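Chain and residue survey
Here is what each chain is made of, one letter per residue.
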Amino acid sequence: MPATMLTAASPLNALLAAGSPGGFNAWAALGILLLMAVTFGVANLVMTHVLGPSRVGEVKGTTYESGMNPIGNARRRFNVRFFIVAMTFLLFDVEIVFLYPWAATFSQLGLDTGWHTIFLGRMVFFILTTIIAFMYAWRKGVFRYD
Amino acid sequence: MISAQFFVSTIVILVVIHAMLGGTAYLIFLERKVAAWAQDRIGPNRTDFSFGQGDLIKQIPLAGGFLSWLLVGPKALFGLGQALADGVKLLLKEDYTPPFVDKSLFLMAPALAVIPALIGWAVIPWGGVVAFPGIELFGTQLVESGVARVAVLPINLAVIYILAVGSLAVYGVVLAGYSSNNKYSFLGGLRATAQMLSYEIPMGVCVLLMILMYRSADAEVIVQAQTGELPVGFSTAWGIFIHPLLAVLFFICILAESNRAPFDLAEAEQELVGGFHTEYSSMKWAMFFLGEYMHMITGCAFFALLFLGGWDLPIPVVSLLPEVATGWLGLLVVFIKFNVFAGKVVFLLFVMMWVRWTLPRFRFDQLMRLAWQGLIPLSLVMLLLVGFMVFMGVQGWVWYAVANVAVAIVAAVVGPLLPTGPKVNRKVPLAGSRFSPLEAEPA
């Protein structure tokens, strides 16, 4: 929280100065919401199971493949590109998660302190390593879907 | 004794969860109406609340006329009964679990699609901050007085919470696709996963940059920064004016994240029948759609929070609404703030539907190319540029807007000049077809 925010004595600033209100009262409401969400999900599943009719049949129990007789099942190998995309996603996502605290802090550092430059250097180093990996993946044709 | 924050949070839950569930039902109705508007049709306008029993209701002695006026109305209530009728119909349909599926995962998937969607909006600051006067009844203090935020979860990591819970949505889709043991479902699930993962990166970078602007991940601080109430330095305008390019990128990303057209490849009817929900029926099927529409609401609220000033209602220069609502009159202020926020969300939802009926669906390789070779490099360039601008101590938000426009123009000019790979959409030489006649074939 930048120091400038805390000067005025308004109720908002008092609230912000206290930071994240921890403890039971802050999180209990989320617990209620989570409980309602889970109840809603489960109740829907149960209700539709109980209320609807239920008939089984041999043809009804086959896999839907637009009317053809199904050939094998769906548990088979899939294109490796999807796996590589997932790996590349991890590379970026972890980096972005590391940069969130950086973003919240960076613009609050004074221009006269040396920390300013160090923080920028850290970000640039992070981004550049990622860009190298990104360029490598690009040249390798990870993002080509043809 | 209950604290003011807990009391306010509970009220917010009760109001918003009903608005959310009712809103979802009527969003589907609205979607059909917008579709009808886009296609020059009338759309659903027949179903009233009598559900086909209008004549029977008229027969009821004494109250018949009144009930008929209430439930049917002169113009069948413009088809407003449609949403309710759809819900009842879906509940009464057969809930069929095919014998070849992975049963436990198959059952879990719809619940996993709905639950994160229902808790994702917990940190949205619907009505700013209220100085709650407390409730005293018969001499006992039931609710403490105190300052409380009109949000379910008053934490200072709001933005990160939305991203984290929003990412959980992918599990419902993946599990539905995998457990169905159907090739259409499997392909739909794979596509949806790749799409959601890919668009999460530029979305994350956009959010990162907005945190950099507002100097906080706290939802309330973000809104206050945009109203100019807090001296945050550079941010005294709505986010969409500071970073217009990022607003566009972010909107594209929330479209893709909620699997909306033109990014609805996961359920592309023409190629994959129903995509990941091919094998689902009845309410289980509908739960995926409930999840999708709730994600749209949460995504639009997120957009309104980051870029449209949250509950802020400006006349050109000053914000109209006070930063903290005090006393019993403050409840009116909170009510207005809530409605302003909801109005922005509804407008964005309308834009989403408009986009759906305007743009054709992407092909899968175009989708991935847009994410990995378009949005991600662009957002990384913006990150480096804005990082350097903050480092140089640039203060006015106008300069950031100029930088955005400059990057957009440079990207538009340089983009087509970049070397491209081999043409993706090449014709398959099928001998004898009208594209490659037989005599053109080499001997």
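To keep things clear, this report deals only with the structure shown in the data block. (Residues numbered from 1 in each chain as written. Chains lettered and ligands numbered in written order. Predicted model: local features only at pLDDT ≥ 70, side-chain atom pairs only at ≥ 80, totals over all residues. Heavy atoms only, no water.)

1. Regarding the overall build of chain B
Summing up its helical and strand segments, chain B has 16 helices and 5 strands in all. Out of the 443 residues in chain B, the part that is buried amounts to 56%. Only carbon and sulfur atoms are counted for the fraction: they give 71% of the accessible area of chain B, which is about 18900 Å². (Helix = DSSP H or I, 4+ residues; strand = E, 2+ residues; numbered from the N terminus. Buried < 20%, exposed > 50% of the residue type's maximum accessible area, 1.4 Å probe, protein only. Areas by Shrake-Rupley, 256 points an atom, 1.4 Å probe, with all protein chains shown as cover.)

2. Comments concerning the overall build of chain A
Per the secondary structure count, chain A includes 4 helices and 0 strands. In chain A, the succession of α and β elements from N to C terminus is α-α-α-α. Contacts spanning at least 24 positions in sequence make up 52% of the contacts within chain A whose residues lie at least 6 apart. Summing over all exposed atoms, chain A offers an accessible surface of approximately 9000 Å²; the carbon and sulfur share of this is 69%. (Contact = heavy atoms within 4.5 Å.)

3. Looking at the interface of chain B and chain A
Contact with chain B, which involves 94 residues of that partner, is made by 82 residues of chain A. Summing both partners gives a buried area of about 7900 Å² for chain B against chain A, and 75% of it is carried by carbon and sulfur. At the boundary of chain B with chain A, the tally comes to 0 salt bridges. One can count 7 residue pairs in polar contact (both at pLDDT 80 or more) joining chain B with chain A. Here the side of chain B that touches chain A takes 16 residues from helix H8 (residues 183-214) of chain B, the largest share from any one element. Broken down by class, the residue content of the side of chain B that touches chain A amounts to 64 nonpolar, 14 polar and 16 charged. (Buried area = accessible area lost by both parts, 1.4 Å probe. Salt bridge = Lys/Arg side-chain N within 4 Å of Asp/Glu carboxyl O. Polar contact = N/O pair within 3.5 Å; in protein donor to acceptor, adjacent residues only side chain to side chain. Nonpolar A, V, L, I, M, F, W, Y, C, P; charged D, E, K, R; others polar.)

4. Considering the packing of aromatic side chains
In this structure the tally under the stated criterion is 26 aromatic pairs over all chains. Look at Phe78(A) and Phe186(B): their rings are 5.8 Å apart centre to centre, the planes differ by 70°, and that puts the pair in the edge-to-face class. Of this pair, Phe78(A) sits in the loop between helix H2 (23-51) and helix H3 (80-106) while Phe186(B) sits in helix H8, on two different chains. Seen from their ring centres, Trp285(B) and Phe289(B) are 4.8 Å apart, and the 50° between their planes marks the pair as tilted. Taken together, the residues span about one helical turn, with Trp285(B) and Phe289(B) both in helix H13 (residues 282-307) at a distance of 4 residues. On the accessibility criterion, Phe289(B) (18% relative accessible area) is buried. Cluster of aromatic residues (ring-pair linked, three or more members): Phe250(B), Phe251(B), Phe302(B), Phe303(B) and Phe307(B). In this structure, Arg75(A) packs its charged tip against the face of Tyr178(B), placed 4.2 Å from the ring centre. When the ring centre of Trp311(B) is taken as reference, the NZ or CZ atom of Lys337(B) above it lies at 4.0 Å. (Phe/Tyr/Trp six-rings, centres within 6.5 Å; stacked < 30°, edge-to-face > 60°. Lys NZ or Arg CZ within 6 Å of the ring centre and 35° of its normal.)

5. Points about the side chain of His295(B)
The topology assignment puts His295(B) in helix H13. Other than its neighbours up to four places away in sequence, His295(B) contacts Ala117(B), Gly166(B), Ala169(B) and Ser258(B).

6. As for H13(B)
In this model, H13(B) (26 residues) spans 38 Å end to end at C-alpha, consistent with the 38 Å of a helix rising 1.5 Å per residue. Gly309(B), located one to two residues past H13(B), shows a positive phi value of around 75°. (Expected span 1.5 Å × (residues − 1).)

7. So, the packing of helix H1 (residues 4-38) of chain B against helix H4 (residues 82-92) of chain B
All names here are of chain B. The N-to-C vectors of H1 and H4 enclose an angle of 115°; their axes lie 8 Å apart at closest approach. Crossing handedness for the pair H1 and H4: right-handed. Between H1, through Ala-25, Tyr-26, Phe-29 and Arg-32, and H4, the contact on the second element is made entirely by Gln-82, Ala-83 and Asp-86. Of the residues assigned to the contact of H1 with H4, the class counts are 4 nonpolar, 1 polar and 2 charged. (Axes fitted to C-alpha atoms, helices over the stretch in contact; angles between N-to-C directions. Left-handed = near helix turned anticlockwise from the far one by under 90°.)

8. Here we look at the nonpolar core
Among the nonpolar cores identified, the biggest contains 147 residues, and Phe250(B), Phe302(B) and Trp372(B) are the most heavily contacted of them. Of the residues that make up this core, three or more belong to each of domain 1 (1-76) and domain 2 (80-139) of chain A. Apart from residues lying up to four places away in sequence, Phe302(B) is in contact with Ile124(B), Val159(B), Ile162(B), Leu163(B), Met203(B), Val207(B) and Phe250(B). (Core = buried A, V, L, I, M, F, W, Y, C linked by side-chain atoms within 4.5 Å. Domains from an automatic or database assignment.)

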